[in-house]
Amino acid sequence: MVKPTRVTNRIRALRFEHDELTQAQLADALGVTRQTVIAIEQGRYSPSLEMAFQIARVFGVGLDDVFQYPQEES
Amino acid sequence: MSYEERGTWVYLVVSAGVYAVYVTVMLARAADPITATAYQVPLLWSIGVAIVAAIVVRIVVEIGAGVARGVGDEVGREVGSRTGARVERRVADPFRADARDREIDRLGTLRTWMVLVAAALVALVMALAEWPHFWIANVIYLGFVAQAISSATVKLVAYRRGL
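About the cut-offs
Residues numbered from 1 in each chain as written. Chains lettered and ligands numbered in written order. Predicted model: local features only at pLDDT ≥ 70, side-chain atom pairs only at ≥ 80, totals over all residues. Heavy atoms only, no water. Helix = DSSP H or I, 4+ residues; strand = E, 2+ residues; numbered from the N terminus. Buried < 20%, exposed > 50% of the residue type's maximum accessible area, 1.4 Å probe, protein only. Contact = heavy atoms within 4.5 Å. Rg over C-alpha atoms; globule rule 2.2 N^0.38 Å. Lys, Arg positive; Asp, Glu negative; His and termini not counted. Charge placed at Lys NZ, Arg CZ, Asp CG, Glu CD. Salt bridge = Lys/Arg side-chain N within 4 Å of Asp/Glu carboxyl O. Expected span 1.5 Å × (residues − 1). Bend = angle between axes of the 7 residues up to and from the residue. Polar contact = N/O pair within 3.5 Å; in protein donor to acceptor, adjacent residues only side chain to side chain. Phe/Tyr/Trp six-rings, centres within 6.5 Å; stacked < 30°, edge-to-face > 60°.

Caption draft 1: Main features of the overall build of chain B. Counting its secondary structure elements, chain B contains 4 helices and 2 strands. Scanning chain B from its N terminus toward the C terminus, one meets helices and strands in the order α-α-β-β-α-α. Looking at the 163 residues of chain B, the share that counts as buried comes to 33%. Long-range contacts, defined here as pairs at least 24 residues apart, represent 72% of the contacts in chain B between residues at least 6 apart.

Put into structure tokens, the structure is as follows:
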């Protein structure tokens, strides 16, 4: 399956680092459905900038620690 | 599957199903010439049935989804943890649209609104050319159904493959 975004993330790893936070708990903290959290984790949905900041805040890290964007090849 | 995705499936199935029944009824009642067929009552009935069926099927699907999920149960699912096992309460997904649902809904509407416009333009040309009401009404109705089916399909693809 072709991912519609080049943005990658470490949400799954961060969940496990934070006392194995479940997708449902993260969804609850963000006010979205668990399916949205799954879609973000799998790179099928790029969240808004506001939601990206909310995710980073849940884990207490910076935006760059959650989301990465690959360098353009020159 | 989220609440909104289930709703999109219901919308798709009901729209396509009711229209299929309408076409079947029309073909069974077809007069000669076909424009003499009494289409008004079946058409109005199919619109009414589609609205009621969408509501009823949605309720049934949500009840079924709730039962399958065991909403409100303290499931007591053990979750392995480095700090020891802890009990997680399974929570139901909210019965409302979130940011992703709203984006997908917008995408479905934006990509398929021209279907409705095309049907309206065809109906306009037919009216100007004084075609029988039978064809004009059916083109407009087909436009509504085609837009409903295409928008639901676009949304379901977005739900499955991503935005």
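Caption draft 2: A look at the overall build of chain A. Scanning chain A from N- to C-terminus turns up 5 helices and 2 strands. Secondary structure elements of chain A occur, N-terminal to C-terminal, as β-α-α-α-α-α-β. A compact globule built from 74 residues would reach a C-alpha radius of gyration of about 11 Å, and chain A, at 12 Å, matches this within 12%. Along the first, second and third principal axes, the C-alpha set of chain A runs to 40 × 25 × 20 Å. Counting every position in chain A, which comprises 74 residues, the buried fraction comes to 45%. When contacts within chain A are restricted to residue pairs at least 6 apart in sequence, long-range pairs at least 24 apart make up 60% of them. Taken together, the 8 basic and 10 acidic charged side chains of chain A have centroids lying 6 Å from each other.

Caption draft 3: Quick look at the side chain of Asp101 of chain B. The topology assignment puts Asp101 of chain B in helix 3 (residues 99–128). Salt bridges are absent for the buried Asp101 of chain B, whose nearest opposite-charge side chain, Arg100 of chain B, sits at 4.9 Å. When sequence neighbours within four positions are dropped, the list of residues in contact with Asp101 of chain B reads Thr33 of chain A together with Ser2, Glu4, Arg96 and Tyr159 of chain B.

Caption draft 4: Layout of helix 3 of chain B. For helix 3 of chain B, built from 30 residues, the straight-helix expectation of 44 Å at 1.5 Å per residue is met to within 8% by its first-to-last C-alpha distance of 43 Å. Most pronounced at Thr112 of chain B, the bend in helix 3 of chain B amounts to some 40°. The complete set of buried residues in helix 3 of chain B reads Arg100, Asp101, Ile104, Gly108, Thr112, Ala119, Ala123 and Met126 of chain B. Check the buried side of helix 3 of chain B and you find it contacts helix 3 (34–41) of chain A together with helix 1 (3–29) and helix 4 (133–161) of chain B. For helix 3 of chain B, the N-terminal cap is Asp98 of chain B; the gap from its side-chain oxygen to the backbone nitrogen of Arg100 of chain B is 3.1 Å. Phi for Glu130 of chain B, located one or two positions after helix 3 of chain B, is positive at around 60°.

Caption draft 5: Local environment of helix 1 of chain B. Across its 27 residues, helix 1 of chain B extends 39 Å between first and last C-alpha, which sits within 8% of the 39 Å expected from 1.5 Å per residue. Buried residues along helix 1 of chain B sit in contact with helix 2 (40–69) and helix 4 of chain B.

Caption draft 6: Expanded view of the packing of aromatic side chains. Residues and elements named next belong to chain B. Using the criterion set out here, one finds 5 aromatic pairs over all chains in the structure. Seen from their ring centres, Tyr22 and Tyr141 are 5.2 Å apart, and the 85° between their planes marks the pair as edge-to-face. Separated by 119 residues along the polypeptide, Tyr22 in helix 1 and Tyr141 in helix 4 bring together distant segments of the chain. Of the two residues, Tyr22 and Tyr141, neither departs from the other in class, the shared state being buried. Arranged with centres 4.9 Å apart and planes meeting at 85°, the rings of Phe134 and Trp135 form a pair that is edge-to-face. Accessibility expressed as a relative area gives 6% for Phe134, which makes it buried. Among the residues examined, Trp135 registers a relative accessible area of 33% and is labelled partly exposed.

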